Amino acid sequence: MMINTIPAWLKTVLKITIGIIIIGWLLFRFNPKDIIDALAGVQISLLIVAVLVYAITLLLLSLRWRFILRQMSYHVPVLVTYQGFVAGILMSDMTPARVGEISRPLTIRDRVPTHAGLGSVFLDRYCDFVAIFILGCGGLLLLSAAHSPGLLLMVTAFLSIPIILLTAFWVKRSAVLNLVHIFRMPRLSSFATDLGEAMDALSHPALTMGSSILFTLFIWTLQSLRLVLIALAAGFVIPIQELIFIQPLISALALIPFSISGLGFVEGGYVAVFAQYGVPAAAGLAIALLDRVLTVGFHLVVGFRYALRTVGK
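Per chain, residue numbering runs from 1 following the sequence as it is written. Two thresholds apply to this predicted model, a pLDDT of at least 70 for residue-level local features and 80 or more for giving and counting side-chain atom pairs, whereas whole-chain, interface and lining totals are computed over all residues. Note that the side-chain values use all heavy atoms of the structure and ignore hydrogens as well as water.

Right, let's get into the overall build of the protein chain. Numbering of helices and strands starts at the N terminus; helices are DSSP runs of H or I of at least 4 residues and strands are runs of E of at least 2. Tallying secondary structure elements over the protein chain gives 12 helices and zero strands in all. Shown N-terminal to C-terminal, the secondary structure of the protein chain runs as helices and strands in the order α-α-α-α-α-α-α-α-α-α-α-α. Buried residues in the protein chain amount to 48% of all 313 residues. If you take every contact in the protein chain between residues at least 6 apart in sequence, the share linking residues at least 24 apart comes to 74%. With a 1.4 Å probe rolled over the protein chains alone, any residue whose accessible area is under 20% of its type maximum counts as buried; one over 50% counts as exposed, and the rest are partly exposed. In this description, contact between two residues means that some pair of their heavy atoms is separated by no more than 4.5 Å.

Ranked by size, the top nonpolar core spans 86 residues in total, and within it Leu 58, Tyr 82, Leu 123, Tyr 270, Phe 274, Ile 287 and Phe 298 carry the most contacts. Ignoring any residue separated from it by four or fewer positions in sequence, one finds Phe 298 in contact with Val 51, Tyr 54, Ala 55, Leu 58, Tyr 82, Val 86 and Gly 303. Among buried residues, those of type Ala, Val, Leu, Ile, Met, Phe, Trp, Tyr and Cys that are joined through side-chain atoms within 4.5 Å constitute a nonpolar core.

Between 30 and 60 degrees the pair is tilted, below 30 it is stacked and above 60 it is edge-to-face, where a pair is any two Phe, Tyr or Trp rings, Trp via its six-membered ring, whose centres lie within 6.5 Å. Going through the model one piece at a time under the given rule, you end up with two aromatic pairs. Aromatic pair Tyr 54 and Phe 298: ring centres 5.8 Å apart, planes at 70°, arrangement edge-to-face. Residue Tyr 54 is found in helix α3 (residues 44–71), and its partner Phe 298 is found in helix α12 (residues 281–307); the two are separated by 244 residues along the sequence. As far as burial versus exposure is concerned, Tyr 54 and Phe 298 are alike and both buried. Just above the ring of Trp 65 sits the side chain of Arg 104; from NZ or CZ to the centre is 4.6 Å. Working rule: Lys NZ or Arg CZ, within 6 Å of ring centre, within 35 degrees of ring normal, means a charge sits over the ring. Taking the ring centre of Phe 129 as reference, the NZ or CZ of Arg 125 above it sits at 5.2 Å.

Turning our eyes to something else, we now look at a nonpolar patch on the surface. On the surface, Ile 44, Ile 48 and Leu 52 cluster together to form a nonpolar patch covering roughly 310 Å² of accessible area. Its location among the elements puts Ile 48 in helix α3. Two distance rules govern patches: like charges are joined within 9 Å, and nonpolar side chains (Val, Leu, Ile, Met, Phe, Trp, Tyr) within 5 Å, applied only to residues with over 30% relative accessible area and no salt bridge. Values of accessible area rely on a 1.4 Å probe in the Shrake-Rupley scheme; residue burial ignores everything except the protein chains shown. Whenever Lys or Arg places a side-chain nitrogen within 4 Å of a carboxyl oxygen from Asp or Glu, that contact is recorded as a salt bridge.

With that settled, consider the packing of helix α5 (residues 114–143) against helix α10 (residues 240–252). For the pair α5 and α10, interaxial distance at closest approach is 7 Å and the crossing angle is 110°. It follows from the interaxial angle that α5 and α10 lie roughly perpendicular. Of α10, the residues touching α5 (which contributes Ile 132, Leu 135, Gly 136, Gly 138, Gly 139, Leu 140, Leu 142 and Leu 143) are Glu 242, Ile 244, Phe 245, Ile 246, Pro 248 and Leu 249. For the contact of α5 with α10, the per-class residue count stands at 10 nonpolar, three polar and one charged. The angle between two axes is taken between their N-to-C directions and runs from 0 to 180 degrees, where each axis is a line fitted to C-alpha atoms and a helix contributes only its stretch in contact. Should an angle fall under 35 degrees it is called roughly parallel, over 145 degrees roughly antiparallel, and 65 to 115 degrees roughly perpendicular, with every other angle called oblique. Each residue is assigned to one class: nonpolar for Ala, Val, Leu, Ile, Met, Phe, Trp, Tyr, Cys and Pro, charged for Asp, Glu, Lys and Arg, and polar for all the others, Gly among them.

So, on to the packing of α3 against α12. The contact between α3 and α12 brings their axes to 11 Å, and the two run at 50°. When the interaxial angle is binned, α3 and α12 end up oblique. Like other packed secondary-structure pairs, α3 and α12 cross with a definite hand, here right-handed. Residue-level contacts link Leu 47, Val 51, Tyr 54, Ala 55 and Leu 58 of α3 to Leu 290, Leu 294, Thr 295, Phe 298 and His 299 of α12. In the contact of α3 with α12, the residues fall into eight nonpolar, two polar and no charged. Left-handed is the label given to a crossing in which the near helix is rotated counterclockwise from the far helix by less than a right angle, and right-handed is the label when the rotation is clockwise.

Considering all chains together, one arrives at eight salt bridges under this definition. For the salt bridge of Arg 104 with Asp 124, the shortest nitrogen-to-oxygen distance reads 3.2 Å. Remark: Asp 124 occurs in helix α5 and Arg 104 occurs in the loop between α4 (78–93) and α5; sequence separation between them is 20 residues. According to the relative accessible area criterion, Arg 104 is buried, its value standing at 0%. What makes Asp 124 buried here is its relative accessible area of 0%. One salt bridge connects Asp 291 with Arg 226, and the closest N-O pair in it is separated by 2.7 Å. Residue Asp 291 is located in helix α12, and its partner Arg 226 is located in helix α9 (residues 205–233); the two are separated by 65 residues in the primary sequence.

This paragraph deals with the side chain of Thr 216. Examined against the element boundaries, Thr 216 turns out to sit in helix α9. Contacts of Thr 216, omitting those with residues within four sequence positions, involve Arg 64, Cys 127, Asp 128 and Ala 131.

Here the focus is α5. How far a helix is expected to stretch is found by multiplying one less than its residue total by 1.5 Å. With 30 residues, α5 should cover 44 Å at 1.5 Å per step; its first-to-last C-alpha distance of 41 Å lies within 8% of that length. Of all 30 residues in α5, 22 are buried, a share of seventy percent or more.

Written out as structure tokens, the structure is:
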């Protein structure tokens, strides 16, 4: 009961503080001078290429969302979906477990009804969850030699939760809706209804979702390429063929609700993984922080204007 009496702003401050504390601990755990040296020696040209790769990555992800909207009979211009998609990620950068992305439909509410937009976003995210699970299982196999089977089993179970829930809703929707109504949770019930309507609005749902998931698997190659380029800018070579399977596991750390957008947890994950490829801890943290700054900076530049549409909504 005490948790429910804590003001929302205070919860946000606490979660930001947790992330900053973790980052601060990492900074002082390693030699700060080594971190500064790693940042000072980066090749700016490679960072620019990394940002361009990220711009293309987000364009492809926004096209996936636009494809889902088209299958629901909503036709939205490419530029609008691109800016709206980036704005949604910007909102997720400022919220725990990236829940801020559910505000994405508000960026296109003048073209798509909010309830339909919300359904499209969760179908869009479903593709991400499935791709993360598929690639993450491969990553767990790569990491199995260095970590206990129990830990890997726990991670697998964590990754499978959203897939199981959404798949159950897809296959046994009436039963899930009845269960939701039993618990008398109006917001969850409204969301379930919107999601169900979005599923019903899809033309060729199996083909739509199947092709979107395959497309997402390809996009993770670009996500990994961005990290490889940032590491290369700092003077380190990381094999992309392995990072493709491991990076989704690290990205899943952003879903941990104890800090804003996984701040601190994601960076710590990168430090641990990069160390397996001979990257010193200080340099690994520098690469992780560079990635955070570049991606969030891009979200601000491209999505800030559209993100303002969600304020007060």
